[in-house]
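# Coordinate inspection notes
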Amino acid sequence: MRKRSLRSLDAAVLTGRRALVRVDYNVPMNDSGGIGDTTRLEGTLPTLRLLLDGGARPVLLSHLGRPGGRVVPENSLRPVASVLAQLLGSPVRFVPCTDTPEAVEASRSLPAGEVLLLENTRFLPGETSNEPGLGERLAQLGDFYVNDAFGTTHRSHASVVGVPTHLEPAVAGLLVELELDALSRVREAATRPFIVAFGGAKIGDKIPLMEAFLTHADRILVGGAMANTFLAALGMPTGKSLVEGGAIETAADILRRVPDLLLLPEDLVVGEPGAAGSARVVPADAIPADLAAYDIGPATRARFSAVISTARTFFWNGPMGRFETRGFDEGTREVARAAVIATESGAFTVIGGGDSARAIREAGLDLRVSHVSTGGGAALEYLAHGALPGLEALDEDEP
Ligand code: ADP
Ligand code: MG
């Protein structure tokens, strides 16, 4: 079901009126209290510019970290304001409150052409529990609602699902729209061959997503720690590798149901537990008892690349290995390069997952694939179910 877009709003809704915008500025902070990565801020600039150009006055709500419903100074959004102002080229005011008369007053007195950023919504006790009164009170901060927090849209929190029930219209911002366009193309309109690559560590969380692809992917490549669990399901020795014991039975069941769909590693790069010591390559069925598999091996890299190069649609979630450690990053780099080559030959390529997005950015290849999702869990949940709680709360598109 399509949601009403910010682009559908006319001057009568926009001009002079307060747009209460939920953004996802859950940015990593560096040691000196500055912002480690501005990707999430940049993602919202099109929405903010559209609002400012239309004469609306944007009031921003976001969370940062997991302060647990109380004020934690390290989780303040204050440092975000000046960085956002620089990126946007417009003044950004900050007030250190959210659910107070002062915050409402700051929203009412916001001049045209400026943006107001409020303090972390997760400082409020009712945010994550979606306390009904909180949604109603926060709704006084705006005249209409825009969700541009794609990475948080899978959360049933007050600022995501409560506030929009009290404001009209409640629409999808441009980042949310861009994400939904890319992800629904993968979910519902993938041209074939449709190749999927899975890796990473959280296999239990990712099984529903893999299930969603079993019926319409042409090939599913499996690397990363996820592959270890599948090797264990085949009865192979996995040594000290990370294996999710609780998921072995499900993995075995998938292998029984679709024996030819999954492509598992044929060789692996192993190392000492903790990724210490030197790396060496072993066949996938011969992981030594005292070592752990930390990456796919060179034969697997070549095989995975070759399959990815045949794709017309390619979706990738989860690093192929422990890519944060030198020596165990080659598989992930190779899949990133293969995604770029596929894109350059006309395939539609989408990367989802927080660590996968970081890996392709660090490889400097993020602008050379079709889409890198800004939402880890939200992207995976949307792909698996085609719906998200925060989307349900928005107005439907006019027929
Ligand atoms: P994403 O955030 O892209 O969805 P995950 O969070 O599931 O991905 O997994 C990413 C993590 O998985 C990374 O920290 C990486 O080091 C780890 N990982 C991948 N392969 C292995 C492996 N073979 N052994 C241990 N950790 C691994
Ligand atoms: Mg992750």
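Details of the structure are given in the entry above.
Residues numbered from 1 in each chain as written. Chains lettered and ligands numbered in written order. Predicted model: local features only at pLDDT ≥ 70, side-chain atom pairs only at ≥ 80, totals over all residues. Heavy atoms only, no water.

## Side note on the pairing of strand β7 (residues 194-198)
Among the five residues of β7, five are classified as buried, and the element is accordingly described as predominantly covered. The two faces of β7 match: F194, V196 and F198 on one face and I195 and A197 on the other face are all buried. In the sheet, β7 pairs with strand β13 (residues 313-317) via five bridges, with the strands oriented parallel. When the bridges of β13 are listed, F198 appears paired with N317. Relative to strand β8 (residues 219-222), β7 runs parallel, the two sharing four bridges. Across the sheet, F198 pairs through a bridge with V222, a residue of β8. Regarding the hand of the β-α-β motif, the stretch spanning β7, helix α9 (residues 203-214) and β8 is right-handed. (Buried < 20%, exposed > 50% of the residue type's maximum accessible area, 1.4 Å probe, protein only. Helix = DSSP H or I, 4+ residues; strand = E, 2+ residues; numbered from the N terminus. Pairing = 2+ DSSP bridges. Right-handed = clockwise from strand over helix to strand, strands pointing away.)

## Brief notes about the packing of aromatic side chains
A full pass over the atoms with the stated rule returns four aromatic pairs. Plain terms: the ring middles of F198 and F213 are 6.4 Å apart, the flat faces sit at 40 degrees to each other, and that makes the pair tilted. Remark: F213 occurs in helix α9 and F198 occurs in strand β7; sequence separation between them is 15 residues. There is no split in this pair, since F198 and F213 are both buried. In this structure an aromatic cluster arises from ring pairing among F194, F198, F213 and F315. Taking the ring centre of Y294 as reference, the NZ or CZ of R322 above it sits at 5.2 Å. (Phe/Tyr/Trp six-rings, centres within 6.5 Å; stacked < 30°, edge-to-face > 60°. Lys NZ or Arg CZ within 6 Å of the ring centre and 35° of its normal.)

## Description of the sheet that holds β7
If you walk across this open sheet you meet the six strands as β9-β8-β7-β13-β14-β15, and the pairing is parallel. Since the sheet does not close on itself, it has two edges, and those belong to β9 (262-263) and β15 (371-372), each with one partner. Relative to β15, strand β14 (residues 348-352) is paired through two bridges, and the arrangement is parallel. Bridge pairing links V350 to H371 in β15. Set on the sheet, helix α12 (residues 298-308) makes contact with β7, β8, β9 and β13; between it and β8 the angle comes to about 150 degrees. On the sheet, helix α14 (residues 354-362) packs against β13, β14 and β15 and is oriented at approximately 115 degrees with respect to β14. (Contact = heavy atoms within 4.5 Å. Axes fitted to C-alpha atoms, helices over the stretch in contact; angles between N-to-C directions.)

## Details of the site of ligand 1
In the neighbourhood of ligand 1, 20 residues make up the surrounding shell, with K206, A293, E324, D355 and S356 lying closest. For ligand 1, an oxygen atom lies 2.5 Å from a polar atom in the side chain of K206. One of the side-chain nitrogen or oxygen atoms of S356 is found 2.5 Å away from an oxygen atom of ligand 1. For ligand 1, whose accessible area on its own is 580 Å², the fraction buried by protein is 89%. Mapped onto the shell around ligand 1, the elements with two or more residues apiece are α10 (224-233), β12 (292-296) and α14. Residue composition of the shell around ligand 1, by class: six nonpolar, nine polar and five charged. (Near = heavy atom within 4 Å. Polar contact = N/O pair within 3.5 Å; in protein donor to acceptor, adjacent residues only side chain to side chain. Areas by Shrake-Rupley, 256 points an atom, 1.4 Å probe, with all protein chains shown as cover. Nonpolar A, V, L, I, M, F, W, Y, C, P; charged D, E, K, R; others polar.)

## As for the pattern of salt bridges
As enumerated under the stated definition, the model contains 22 salt bridges in all. Where E334 meets R337, a salt bridge forms, and the shortest distance between an N and an O atom there is 3.0 Å. With E334 and R337 both in helix α13 (residues 330-344) and three residues apart, this pair spans about one turn of that helix. Here R358 ties to D355 by a salt bridge, and the two come within 3.3 Å at their closest N and O atoms. Taken together, the positions of R358 and D355, both in helix α14 and three residues apart, correspond to about one turn of that helix. Its relative accessible area of 36% is what places D355 among the partly exposed residues. Taken together, the shared-partner salt bridges connect R2, R7, E177 and D181 into one network. (Salt bridge = Lys/Arg side-chain N within 4 Å of Asp/Glu carboxyl O.)

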